[in-house]
Each structure stands twice: as structure tokens, then as C-alpha cells.
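# Remarks on the overall topology
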Amino acid sequence: MRPRITEEEFIMVQRMRQEYNAEQQDTRVLCIGDLHEPFCLDGYLDFCISTYLKYKCNRVVFIGDCVDNHYSSYHEADPDGFSGGDELDLAIFKLKAWYKAFPNADWIIGNHDRIIGRKAMTAAISRRWVRDYNQVLEVPKWKMHEELTIDGVQYIHGEGGTARTRAKGDLVSTVQGHLHTQAYTEYWVGKNYKIFGMQVGCGIDAKSYAMAYAKQFKKPAIGCGVIINGKQAINVMMDL
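To start, this report covers the structure provided alongside it. (Residues numbered from 1 in each chain as written. Predicted model: local features only at pLDDT ≥ 70, side-chain atom pairs only at ≥ 80, totals over all residues. Heavy atoms only, no water.)

### Description of the nonpolar core
Across soluble globular proteins, you tend to see nonpolar side chains buried next to one another. Which entries qualify depends on this criterion: For the purposes of this section, nonpolar cores are sets of buried Ala, Val, Leu, Ile, Met, Phe, Trp, Tyr and Cys residues that join through side-chain atoms within 4.5 Å. Partly exposed describes any residue whose relative accessible area lies between the buried limit of under 20% and the exposed limit of over 50%, with all areas from a 1.4 Å probe on protein chains only and scaled to the type maximum. Every helix listed is a DSSP run of H or I at least four residues long, and every strand listed is a run of E at least two residues long, numbered separately from the N terminus. Residue contacts are counted whenever heavy atoms from the two residues lie within 4.5 Å of one another.
Formed by 42 residues in total, the largest nonpolar core has its most connected members in Leu30, Ile32, Tyr44, Phe62, Trp98 and Phe102. Contributions of two or more residues to this core are made by helix 1 (7–24), strand 1 (28–32), helix 2 (44–54), strand 2 (59–62), helix 3 (84–101), strand 10 (223–228) and strand 11 (232–237). Among the elements that line this core, the one with the most residues is helix 2, at seven residues. Once residues within four sequence positions are removed from consideration, Ile32 is found in contact with Tyr44, Cys48, Val60, Val61, Phe62, Ile63, Trp98, Phe102 and Cys224. Of all hydrophobic cores here, the second largest spans 15 residues; its members include Val61, Tyr155, Val200 and Ile227.

### Description of the environment of Lys194
The topology assignment puts Lys194 in strand 9 (residues 194–200). If sequence neighbours within four positions are ignored, Lys194 has contacts with Ser173, Tyr187, Trp188, Val189 and Lys231.

### Concerning the side chain of Asp68
Heads up, the rule is: Positive charges come from Lys and Arg, negative ones from Asp and Glu, while His and the chain ends are left out of the count. The rule for a salt bridge is simple: a side-chain nitrogen of Lys or Arg has to be within 4 Å of a carboxyl oxygen of Asp or Glu. Definition of a polar contact: a pair of N or O atoms within 3.5 Å, with one able to donate and the other able to accept a hydrogen when the atoms are protein atoms, and with sequence-neighbouring residues admitted only if both atoms are side-chain atoms.
Within the element layout of this structure, Asp68 appears in the loop between strand 2 and helix 3. Here Asp68 sits buried without a salt bridge, and the closest side chain of opposite charge, Lys94, lies 11 Å off (N-O distance). At a separation of 2.7 Å, a polar atom in the side chain of Asp68 contacts the side chain of His36. The residues contacting Asp68, other than those within four sequence positions of it, are His36, Glu37, Phe39, Glu87, His112, Ile115, Ala210 and Met211.

### With respect to the layout of surface pockets
Which parts of space are left empty comes out when a probe the size of a water molecule is rolled across the atoms. For clarity, the cut-off: The pocket and cavity definitions rest on a 1 Å grid over protein atoms only: a 1.4 Å probe that fits but cannot leave marks a cavity, an open set with protein on both sides within 12 Å along at least five of seven lines marks a pocket, and residues lining either have an atom within 4 Å of a point. Grid points are joined across faces, edges and corners, and a volume is the space filled by probe spheres set on the points. Charged means Asp, Glu, Lys or Arg here, nonpolar means Ala, Val, Leu, Ile, Met, Phe, Trp, Tyr, Cys or Pro, and polar covers whatever is left, Gly included.
Each pocket or cavity is described by its volume, and for the largest pocket that value is around 730 Å³. Looking at the largest pocket, it is lined by 27 residues, and the ones nearest its centre are Ile116, Gly117, Val130, Arg131 and Tyr133. With five residues, helix 4 (residues 115–122) is the single largest residue contributor to the lining of the largest pocket. Broken down by class, the residue content of the lining of the largest pocket amounts to 14 nonpolar, three polar and ten charged. Taken as a whole, the second largest pocket holds about 590 Å³ of empty space. What lines the second largest pocket is a set of 21 residues, and nearest its centre among them are Arg4, Leu45, Asp46, Ile49 and Ser50.

### Comments concerning the sheet that holds strand 9
Hydrogen bonds along the backbone pair up the strands of a sheet, which may run parallel or antiparallel. Put simply, the rule reads: For two strands to be treated as a pair, DSSP must find no fewer than two bridges joining them. Interaxial angles span 0 to 180 degrees and are taken between N-to-C directions of axes, which are lines fitted to C-alpha atoms, for helices over the stretch in contact.
Strand order in the open sheet made by the five strands is 5-6-7-9-8, with mixed pairing throughout. In this open sheet, the two edge strands, each paired with only one partner strand, are strand 5 (148–150) and strand 8 (183–189). Neighbour-to-neighbour, the strand axes of this sheet turn through a mean angle of 15°, independent of strand direction.

Here you go:
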């Protein structure tokens, strides 16, 4: 059994690795799947920390839907679930552990993350009245993006289709989440290029009431991704 380390030891290793890899010009991205906090699967955080250490990662990207916002969904919300305030409080509390583990990270904004902003627009409320995600969710150092490019690889949430179709359509390597039941990496190689499409999987708790809409769907693919120097993509699946 692999020995566990304390959070303080992990943070120390993380900082040392970031400094070392900055000198080596080696980019190793840990891409974390949809969390849908506060409805993330128990153990997923530890799994992501373990993957970060195993593959000597030095950058972290959350692929979107870090929060679920079930209470404010455009679909029917469970009347027996958390109130809006209680769900938000619990999401903030659970995100604290993620922020402590990965204080410097990039967050791709997903469709569930956007729900509150969309509700404000529906109510004709100016965006000047709406606070930033960092401020509300208490993750001040995380950087928010609609999409992000690292080493020529585009990171998107994925509302527009699969990673496979997006990579072939844009002719650029693509990493995305959104589709909870998919985890794969597929390559296309030509005479002058090589690109890939990666679905990273997710970290949701399929038994939570917020996921009841998908109870007849396939089992979610619980996992994350590692992308090395924009050329090698690895799906890492959680043992369940």
C-alpha cells in the first residue's frame, strides 16, 4: 500500500515540484473532471492528489462545473434537497479542500457554473451586480477561463459535442469534460501533424439527488487526465 502523506507535506512537495519543473520547462497538466460540488464523490480529491504526485504534475486545470447549482437549475429542483443558501455554503466548504490542495489552478467555466449568471440575465439584472466566481466561492487565486490553451492544446468544458468531434473540427488537440459517462483519448496522425481528443471523465457522486436526472444513464466514468508537454495525453481512472 502506498504510504499517505499529510496535506502540509503534499503542499511542500507541490511547491518544490513547481519550482523544479519551471526550470526544466516541462509542462505536466493535471486535468480534473467535473466536480459538481457539493455532490462530488468521496475519495475523488485524494485520487486527484495521488495522480498529481504520481505523474509529477506542475499545473492544474479544472475542466468545469466545479459547482452544481442544483437549487437554481433551469430544470426541476428536488423540493426535498438543500435550500439555495445551504447548497452554496456546502459547496464553498467542500471547495476549500480543493483550494488547499491546488491553490494555483485554472478553472474552465462550465454550464452549471454559469447558471447564476444566466438567471441574473433572465431577470434583466446587469452583470455589474453579479460578483466574480472567485469572490463568491472563496478561491481567490484560481484563474477563470471560457477556454484555455496550454502547449497548443485547447481546454474547454465541452457543451458543443465530444472531444473527438471538436478536435477534428478545429484541427487542434482538445481536452474537455461535460460528458460524465465518457473517458478516452484518441489520436489522429497525418504527415505533418498529430492531434488528440481527450474526454477526462468526472468526479460526480451518481447517487446524489442532484444526479437523479441521469439515473437511467450509463455509469459515470470517474477519472482525470494528465497531459505532458501538449503531446502525450493519459486517462487515469479511479478504482471503485
